[in-house]
Amino acid sequence: MRYEGSIYRPPSEAYSLIIQVTIGCAHNDCTFCGMFKDKRFRVREIREVLEDLDTARNSYRRVERIFLADGDALVLSNDKLLVILDRIKSLFPECERVGIYGSPQDVLRKTPEEMQALREKGVGMIYIGAESGSDSVLRDVRKGASRKEIIAAVKDIEASGIKASVTFISGLGGKENWREHATETGSMISLMEPSFVGLLTLMVEPSAPLYADVKNGKFALLAPEEVVEETILMLKNSDVKRDCVFRSNHASNYVSLKGTLPRDRERMIGQLENVREGAGSFKEERLRML
């Protein structure tokens, strides 16, 4: 297997075979993210990807899940993706699901027929970073996609029969815009109704452009107590009509939450209120390691 640079994958892909089909991220301009700042984006030669799959087949007896990296591997044309997916299906008949990172732009560039073709060839999950439901926050962090575009992309994923796992980031609006970030994120979840929502908490590494703003005081990070208030407000503004698995149990989170919206919304709000009132505890800062 050949890997270039640091490799990132969603928590739910911890036991997946990871195959790089792109190097880096095609957008790579988000101010909060330092994941791919050391890489120049490129699409790997399909021949190399197929060789890696062959090597993996010779190395592993059973592979139930495969994750296609790097940052937005869905940027590949369907012609290239289908060649990769056909080889996966041929080599790994036991594979139950192929997961992939995708940007809203990647999804919106594909036709409904192309999305359905990906599902038929084994793609079961597309991970998409929404980050915030607020257009002003999205502009501030240079996400490169609007609220309307992100909602449309998630709806397209779900309509194709592929599950969407959407990530948001607590604290991304800072002290100045936390209320708008919370309310607009809650309403976005209600409108897009994804299969999965993951809530992380902002951690700014030195490689991220936002780091300088934090250091010079231009961007004020939320305290743990403020993150809890923001999350309560976000949940109160969510109103999905179908089951949406909700997770806020990433290493970055101060408080771990696990449930399914809408039925567990009040329970999770209650958990957060208990922590706010001193009946629970925050994760220690030294344990918030990525």
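Residues numbered from 1 in each chain as written. Predicted model: local features only at pLDDT ≥ 70, side-chain atom pairs only at ≥ 80, totals over all residues. Heavy atoms only, no water.

## Quick word on the sheet that holds strand 5 (residues 97–101)
Our working rule: Whether two strands pair depends on DSSP finding at least two bridges between them. To qualify as a helix, a DSSP run of H or I must reach at least 4 residues; to qualify as a strand, a run of E must reach at least 2; elements of each kind are numbered from the N terminus. Between N-to-C directions, angles cover 0 to 180 degrees, with each direction set by a line fitted to C-alpha atoms, over the stretch in contact for helices. Residue contacts are defined here by distance: any two heavy atoms, one from each residue, within 4.5 Å place the two residues in contact.
Spatially, eight strands are ordered 1-4-5-6-7-8-9-10 in an open sheet, and the strand pairing comes out mixed. At either end of the open sheet lies a strand with only one pairing partner, and these are strand 1 (17–20) and strand 10 (257–261). For this sheet, the mean angle separating the axes of adjacent strands, direction not counted, is 20 degrees. Along the sheet, helix 10 (residues 265–276) makes contact with strand 9 (244–248) and strand 10, crossing strand 10 at roughly 155 degrees.

## Observations concerning the pairing of strand 10
Stated formally: We call a residue buried when its accessible area falls under 20% of the maximum for its residue type, exposed when it is over 50%, and partly exposed in between, using a 1.4 Å probe and counting protein chains only.
Within strand 10, four of the five residues are buried, which leaves the element mostly enclosed by the surrounding structure. Sheet topology places strand 9 next to strand 10; five bridges connect them, and they run antiparallel. Pairing of R247 across the sheet is with K258, part of strand 10.

## Some words on the packing of helix 7 (residues 178–192) against helix 9 (residues 224–236)
Keep this limit in mind: Crossing handedness follows the turn of the near helix against the far one: under a right angle anticlockwise gives a left-handed crossing, and clockwise gives a right-handed one. Polarity classes work like this: nonpolar for Ala, Val, Leu, Ile, Met, Phe, Trp, Tyr, Cys and Pro, charged for Asp, Glu, Lys and Arg, and polar for all others, with Gly in that last group.
Between helix 7 and helix 9, the shortest axis-to-axis distance is 7 Å and the interhelical angle comes to 35 degrees. Between helix 7 and helix 9 lies a crossing of right-handed hand. Two secondary-structure elements touch here, helix 7 through W178, R179, H181, A182, T183, T185, G186 and I189 and helix 9 through E229, E230, L233 and M234. Here the residues of the contact of helix 7 with helix 9 sort into five nonpolar, four polar and three charged.

## With respect to the nonpolar core
For the record, the criterion: Here the nonpolar core consists of buried residues drawn from Ala, Val, Leu, Ile, Met, Phe, Trp, Tyr and Cys, with membership extended through side-chain atoms lying within 4.5 Å.
Residues L68, I88 and F92 are the most contacted members of the largest nonpolar core, which totals 65 residues. Here this core gets six residues from one element, more than from any other, and that element is helix 9. If sequence neighbours within four positions are ignored, I88 has contacts with L53, I66, L68, P93, C95 and V98. Judged by nonpolar contacts, the second largest core, of twelve residues, contains C30, L202, V204 and F219.

## Examining the packing of aromatic side chains
As a reminder of what qualifies: Note on aromatic contacts: the rings of Phe and Tyr and the six-membered ring of Trp form a pair at centre separations within 6.5 Å, being stacked when their planes are under 30 degrees apart, edge-to-face when over 60 apart, and tilted otherwise.
All told, the structure shown has five aromatic pairs when counted by the stated rule. Their ring planes at 70 degrees and their centres at 6.2 Å tell us that Y101 and Y127 sit as a pair that is edge-to-face. Here Y127 lies in strand 6 (residues 123–131) and Y101 lies in strand 5, a separation of 26 residues in the sequence. For Y101, a relative accessible area of 17% gives the class buried. Judged by relative accessible area, which is 5%, Y127 ranks as buried. Aromatic ring contacts, followed pair by pair, group F67, Y101 and Y127 into a single cluster.

## Let's talk about the pattern of salt bridges
Where charged atoms from two side chains of opposite charge approach closely, those side chains can pair. We apply this condition: By definition here, a salt bridge exists when the distance from a side-chain nitrogen of Lys or Arg to a carboxyl oxygen of Asp or Glu is within 4 Å.
Tallying each qualifying case throughout the model produces 26 salt bridges. Between D106 and R109 there is a salt bridge, with its nearest N and O atoms 2.7 Å apart. Here D106 and its partner R109 are both found in helix 3 (residues 104–109), three residues apart, which amounts to about one turn of the helix. R109 gets classed as exposed once you look at its relative accessible area, which sits at 54%. Of the charged contacts, one joins E120 and R119 as a salt bridge, the two residues approaching to 4.0 Å between their closest N and O atoms. When its relative accessible area of 34% is taken as the criterion, R119 is described as partly exposed. Salt bridges sharing partners connect three or more residues here, namely R2, R44, R47, E48, E51 and D52.

Take it as geometry only, folks, not as evidence of what the structure does.
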